[in-house]
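For reference, the chains in residue letters:
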Amino acid sequence: MIPEDLQANPEVGALSDIVTAAKFEFGELTIEVAPESILIALGRVKRDLKYERLTSVAGVDRFPAEPRFEVVYHLQSIAKKSRLRVKARVPGTNPRIESVVTVYRGADWYERETFDLFGIVFLNHPDPRRIMMPEDWEGHPLRKDYPVTGMRY
Amino acid sequence: MVNETGITSSIEVEEDYERHLKDTKGVRTMVLNMGPQHPSTHGVLRLLLELDGEEILKAAPEIGYLHTGIEKEFEAKLYQQGVTLTDRIDYLAPLSNNLVYSLAAERLLGLEVPPLAQWTRVMLAEFTRLNSHLVWLGTHAIDIGAMSVFLYCFREREEILRIFEMFSGQRMMTSYFRIGGLALPPPRGWQKRVKDFVDVFDSRVDEYEELLTNNRIWTGRTKGIGYISLEDMLDMGVTGPMLRGAGLEIDVRKDAPYSSYEKFDFKVPTRKENDVYARYLIRVEEMRQSNRIIKQALEGMPSGSHQADAPGIVLPDREKMKTQMEALIYHFKIVTEGFRVPAGEVYQAVESPRGEVGCYMVSDGTQKPYRVHWRGPSFGNLQAIPRMIEGTLIADVIAALGSMDFVLGDTDR
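Values in this document were obtained by computation on a predicted structure and should not be read as measured data.

**Student:** Residues and numbers for the nonpolar core, please.
**Tutor:** Judged by nonpolar contacts, the single largest core of 144 residues is most densely connected at Leu42 and Val86 of chain A together with Ala104, Ala105, Met233 and Met361 of chain B. Here this core takes 14 residues from helix 5 (residues 115-144) of chain B, the largest share from any one element.

Written out as structure tokens, the structure is:
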């Protein structure tokens, strides 16, 4: 699902064997990969494409669609003055994805936040605890089936 | 060690101590809880410090005490209502946050904001930078022990807050930038108020510098303190004056200009020393540069409308609303049901006083944002604290923390 005008794009080209979808909207490039290949993808993005900085990791809940969650990585290249978005879709039951802390150490807190608020488990994370909510909190507040008011489900 | 009788036996204490010495290879360490209510953390940050004497072996920041679920609340509010929430994220830089939120929504809507609104946004965003840097300088100096700087800084800050009040009616929670332009047209007589301020401000910065820059106590407490390598900072997600203090010329205003920043002439100060003192000099220079930008905005302020011409999105003029039926209908529809934003996702970055604030906005085509992720600069900066203070002395922690200039509301959201 790579549009023709993106075939020649260097970012898409470097990841051509693992890209599942790509789009260029609002002046921003989004590359989608399977959750299993996220470590390879970001490793190449950092090493080959020179995106030195991981700006943020965010979760998006597409409830009730399946795969339910999106894990969105925003990257920035200071040398090229460009930004890139890498996305992986994770299923709603037993959502899990490999942690990218080994590639970008700054992912640490962002992944903890995404785990805390969405319940997406980051495998091999060095410190997989909640970060915003209390340790004994039940549920994950930013899920779409979690109410805005009230204490529990 | 407590035995069955409830009395601590000295033998057991001795044994426990022996075991402890064996575990820690003879080093006696102590865990000190700094915060969550420590005055120098400016908010509620808890730092767990493992100490060997006065040296910090390990530091572990604990955040989340100010978590208010703002990201969840965005999803329950209309697009235009979300602006008020952004004020409350980083309460020292409300207008930078208004700006990044409005810009993100405007990109999704494809709205073109008229020049007057863009220039006013630049001017007030720079006032926000001054406001934030003044609070930072005053409190940072107090933390280190220089009391009087605070009073001087707050003298100027008060005038800035009065200017904010003049424009928006609010001193701190301004919500002045709205999707499509400004909430109100700039007030009558603002030019004189702003001119009076910019004319004296440079000499006021000289005053602060006179108090601190060559002050031997100040330099003794800040020079060579709080070093962290540039690679570590980039890796941990640090942005803003911290990076510029390490010699990297990075500024979103220059790299990806927004709101017509490309029309302004200003420099991005950098230094090589990469310590608390360098960060102080950077911020002082940034204040001078912000003043330059405000002067340019004052002189070259374009005329025209303060809002985009987008009837279904921007609230109609009050006078029109009372005389024209269409305007009344639009007003009613915007207030009661909001406006639809085309589906899509954008990441908008803005240079806030603390670094890069990013707003990742996902729209599903309805009147409410589907998801807003707030990339607060303080969150990324705070992550690097252990790297910065491990191996240093506990007395330098206060200076090192202060040089980061974080706001806990921005960290915890």
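**Student:** Quick rundown of the interface of chain A and chain B? Include the residues and the values.
**Tutor:** Chain A puts 27 residues into the contact, and the matching count from chain B is 29 residues. If you list the elements that add at least two residues to the side of chain A that touches chain B, you get strand 3 (53-61), strand 4 (69-77), strand 5 (82-90) and helix 3 (107-118) of chain A. It is strand 3 of chain A that contributes the most residues to the side of chain A that touches chain B, six residues altogether. Taken together, the residues that form the side of chain A that touches chain B break down as 14 nonpolar, four polar and nine charged.

**Student:** Give me the packing of helix 4 (residues 94-109) of chain B against helix 5 of chain B: which residues, what numbers.
**Tutor:** Residue and element names in this part refer to chain B. Orientation of helix 4 relative to helix 5, taken along the N-to-C sense of each, is 140°, at an axis distance of 7 Å. Overall, the two elements helix 4 and helix 5 adopt an arrangement that is oblique. The residues of helix 5 that touch helix 4, namely those facing Pro94, Leu95, Ser96 and Leu99, are Arg121, Leu124, Ala125 and Thr128. Looking at the contact of helix 4 with helix 5 residue by residue, the class counts come to five nonpolar, two polar and one charged.

**Student:** Please set out unusual backbone geometry residue by residue, giving values where relevant.
**Tutor:** Going from Phe63 of chain A to Pro64 of chain A, the amide bond is cis rather than trans, its omega being 0°. Following the sequence through the fold, Pro64 of chain A ends up in the loop between strand 3 and strand 4. Omega for the bond connecting Glu66 of chain A with Pro67 of chain A falls within 30 degrees of zero, at 0°, which places this linkage in the cis form. Backbone geometry at Asn94 of chain A places phi at a positive 55°, although glycine is not the residue there. Structurally, the position occupied by Asn94 of chain A is in the loop between strand 5 and strand 6 (96-98). Even without being glycine, Asn274 of chain B reaches a positive phi, approximately 60°. Note that Asn274 of chain B resides in the loop between helix 11 (252-255) and helix 12 (276-300). Taking the C-beta count within 10 Å as the criterion, Asn274 of chain B has 22 such neighbours and is therefore assigned buried.

Rules used throughout
- The numbering scheme is per chain: residues are counted from 1 as the chain's sequence reads.
- Throughout, the order in which chains and ligands are written sets their labels, letters from A for the former and numbers from 1 for the latter.
- Two thresholds apply to this predicted model, a pLDDT of at least 70 for residue-level local features and 80 or more for giving and counting side-chain atom pairs, whereas whole-chain, interface and lining totals are computed over all residues.
- Nonpolar cores are identified as sets of buried Ala, Val, Leu, Ile, Met, Phe, Trp, Tyr and Cys residues joined via C-beta atoms within 7 Å.
- Residues with at least 20 neighbouring C-beta atoms inside 10 Å of their own are called buried, those with 12 or fewer are called exposed, and the rest are partly exposed, where every C-beta is derived from the backbone.
- Counting from the N terminus, the helices are DSSP H or I runs at least four residues long and the strands are E runs at least two residues long.
- For every residue pair, C-beta atoms are placed from the backbone, and the pair is scored as a contact if these atoms sit within 7 Å.
- Charged means Asp, Glu, Lys or Arg here, nonpolar means Ala, Val, Leu, Ile, Met, Phe, Trp, Tyr, Cys or Pro, and polar covers whatever is left, Gly included.
- An axis is simply a line fitted to the C-alpha atoms; with a helix, the fit covers only the stretch in contact. Between two such axes, the angle follows the N-to-C directions and lies from 0 to 180 degrees.
- What sets the label is the angle itself: under 35 degrees gives roughly parallel, over 145 gives roughly antiparallel, 65 to 115 gives roughly perpendicular, and the rest give oblique.

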